[in-house]
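Reading the structure
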Amino acid sequence: DEEWQAHQAYATRFYSTPAARALYYRYVRMLASRLNSCSGRRYADDPTILAWELANEARPLAAVEAYRAWVEEAAAVVRSAAPSHLVALGSEGPTPWPRYVRTDLRADHAAVDYVAVHLWPQNWLWYDPRLVPPESGGDGGGG
């Protein structure tokens, strides 16, 4: 839909806006230094935290170079703030719209420690529970 497309295009400006990125990095550093209210440890030193995701389902769209530069820069900031933790991108991974989303699993994840993929089988029309027999967990009703 047109409003969603406009929102997506607007959001990608973040990758090439130094002031916005600086605010993000300041927030990352603040969060890493926050004390866990249960253990009293800084989040950066807390062994119960496995990893930090840079964002939730960030997409490059037309800003591929700026996006990958941000991933590299953000991963370095997180590593400096919480060196004992892993870093993940938080990408959706491959989607049904590769020409639009413009993600590249290998290139996008070059600066992080592992790949986590967020799947949306129903949204992406890979799965329709109406087509699964009731004994398999679907509604089997066809509608």
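All of these numbers come straight from a predicted model, not from anything done at the bench. (Residues numbered from 1 in each chain as written. Predicted model: local features only at pLDDT ≥ 70, side-chain atom pairs only at ≥ 80, totals over all residues. Heavy atoms only, no water.)

Examining the overall build of the protein chain
Selection rule: Each helix corresponds to a stretch of at least 4 residues labelled H or I by DSSP, and each strand to a stretch of at least 2 residues labelled E; elements are numbered beginning at the N terminus. In this scheme, a residue with accessible area under 20% of its type's maximum is buried, one over 50% is exposed, and one in between is partly exposed, where area comes from a 1.4 Å probe on protein chains only. Any two residues whose heavy atoms approach within 4.5 Å are treated as being in contact. The Shrake-Rupley method, run with a 1.4 Å probe, gives the accessible areas here. Residue values count only the displayed protein chains as cover. When charges are tallied, Lys and Arg are placed among the positive residues and Asp and Glu among the negative ones, while His and the ends of the chain are skipped. The atoms used to mark charge sites are NZ of Lys, CZ of Arg, CG of Asp and CD of Glu.
Helices and strands together make up the secondary structure of the protein chain, namely 5 helices and 2 strands. With respect to the three principal axes, the spread of C-alpha positions in the protein chain is 50 × 40 × 30 Å. Here the protein chain holds 143 residues, and 31% of them are scored as buried. Relative to all contacts within the protein chain whose residues are 6 or more apart in sequence, the contacts with residues 24 or more apart total 65%. Accessible area of the protein chain: about 9,100 Å², with a carbon and sulfur share of 56%. Between the averaged position of the 14 positive side-chain charges in the protein chain and that of its 17 negative side-chain charges there is a distance of 9 Å.

Details of the side chain of Arg-59
Operational definition: Identification of polar contacts relies on pairs of N or O atoms within 3.5 Å, with a donor-acceptor requirement for protein atoms, meaning one able to donate a hydrogen and the other able to accept it, and with residues adjacent in sequence counted only if both atoms are side-chain atoms.
Within the secondary structure, Arg-59 sits in the loop between β1 (51-53) and α3 (64-81). Of note is the side chain of Arg-59, whose polar atom sits 2.7 Å from the side chain of Glu-92. Residues within four places of Arg-59 in sequence aside, it is in contact with Trp-4, Gln-8, Thr-12, Tyr-15, Tyr-67, Glu-92, Trp-97, Tyr-100 and Val-101.

Re the environment of Asp-128
For Asp-128, the location among the structural elements is in the segment after α5 (105-108). Owing to a relative accessible area of 22%, Asp-128 belongs among the partly exposed residues under this scheme. Sequence separation between Asp-128 and Trp-70 is 58 residues; the distance between their C-alpha atoms is 36 Å. There is a polar contact of 2.6 Å between the side chain of Asp-128 and the side chain of Arg-130.

Remarks on a nonpolar patch on the surface
Short version of the rule: What goes into a patch is any residue over 30% in relative accessible area without a salt bridge, connected to like charges within 9 Å or, for nonpolar side chains (Val, Leu, Ile, Met, Phe, Trp, Tyr), within 5 Å. In what follows, salt bridge is the name for a side-chain nitrogen of Lys or Arg lying within 4 Å of a carboxyl oxygen of Asp or Glu.
A contiguous nonpolar patch, built from Leu-105, Val-115, Val-117, Leu-119, Trp-126 and Tyr-127 and spanning about 560 Å² of accessible area, is present on the exposed surface. Examined against the element boundaries, Val-117 turns out to sit in the segment after α5. The partly exposed category is assigned to Val-117, whose relative accessible area is 39%.

Brief notes about unusual backbone geometry
Located in the positive-phi region is Glu-57, a residue other than glycine, with phi close to 60 degrees. By the element assignment, Glu-57 lies in the loop between β1 and α3.

Structural notes on the pattern of salt bridges
Summed over the entire model, instances satisfying the criterion amount to 6 salt bridges. Asp-108 is the partner of Arg-68 in a salt bridge, and the nearest nitrogen-oxygen pair spans 2.6 Å. Of this pair, Arg-68 sits in helix α3 while Asp-108 sits in helix α5; the two residues are 40 residues apart in sequence, bridging distant segments of the chain. Residue Arg-68 is classed as partly exposed on the basis of its relative accessible area, which comes to 28%. Where Arg-79 meets Asp-113, a salt bridge forms, and the shortest distance between an N and an O atom there is 3.0 Å. Of this pair, Arg-79 sits in helix α3 while Asp-113 sits in the segment after α5, and the two are 34 residues apart along the sequence. Asp-113 sits in the partly exposed class, given a relative accessible area of 39%.

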